[in-house]
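# Fold and contact review
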Amino acid sequence: MNAQDLRDKSPDELRDQLVQLKKEAFNLRFQAATSQLENTARMRQVRRDVARINTILNEKAAAAASTAEA
């Protein structure tokens, strides 16, 4: 997932994608606990994607707040 692609999306789309990634992270943790996880690197990818989306949402919120002040 590219950060520039995420910046082009609306905050609602980002929140929807965040929910999907959190569900996937939950399922991956469950698979890891039951020794059914095949791709362990996917857990790291999902965790970083969640952080990337949260960062972009915070950037958008800060930009909206600064334009509202002015």
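In what follows, the structure referred to is the one given above.
What comes next concerns the included structure. For clarity, every value in this text was computed on a predicted model and none was experimentally measured.

## Looking at the packing of helix H2 (residues 11–33) against helix H3 (residues 41–69)
Look at H2 against H3: their axes get within 9 Å of each other, and the N-to-C directions meet at 155 degrees. In this view, H2 runs roughly antiparallel relative to H3, as classed from their interaxial angle. Where H2 crosses over H3, the two elements pack in a sense that is left-handed. Across the interface between the two elements, Pro11, Leu14, Arg15, Gln17, Leu18, Leu21, Lys22, Glu24, Ala25, Leu28, Arg29 and Ala32 of H2 pack against Arg42, Met43, Val46, Asp49, Val50, Ile53, Asn54, Ile56, Leu57 and Lys60 of H3. Taken together, the residues of the contact of H2 with H3 sort by class into 13 nonpolar, two polar and seven charged.

## Section: the nonpolar core
Leu6, Leu14, Leu18, Leu21, Ala25, Leu28, Leu37, Val46, Val50, Ile53, Ile56 and Leu57 form the largest nonpolar core, which has twelve residues in total. Mapped by element, the contributors of at least two residues to this core are H2 and H3.

Definitions and cut-offs
Residues numbered from 1 in each chain as written. Predicted model: local features only at pLDDT ≥ 70, side-chain atom pairs only at ≥ 80, totals over all residues. Heavy atoms only, no water. Axes fitted to C-alpha atoms, helices over the stretch in contact; angles between N-to-C directions. Helix = DSSP H or I, 4+ residues; strand = E, 2+ residues; numbered from the N terminus. Parallel < 35°, antiparallel > 145°, perpendicular 65-115°, else oblique. Left-handed = near helix turned anticlockwise from the far one by under 90°. Contact = heavy atoms within 4.5 Å. Nonpolar A, V, L, I, M, F, W, Y, C, P; charged D, E, K, R; others polar. Core = buried A, V, L, I, M, F, W, Y, C linked by side-chain atoms within 4.5 Å. Buried < 20%, exposed > 50% of the residue type's maximum accessible area, 1.4 Å probe, protein only.

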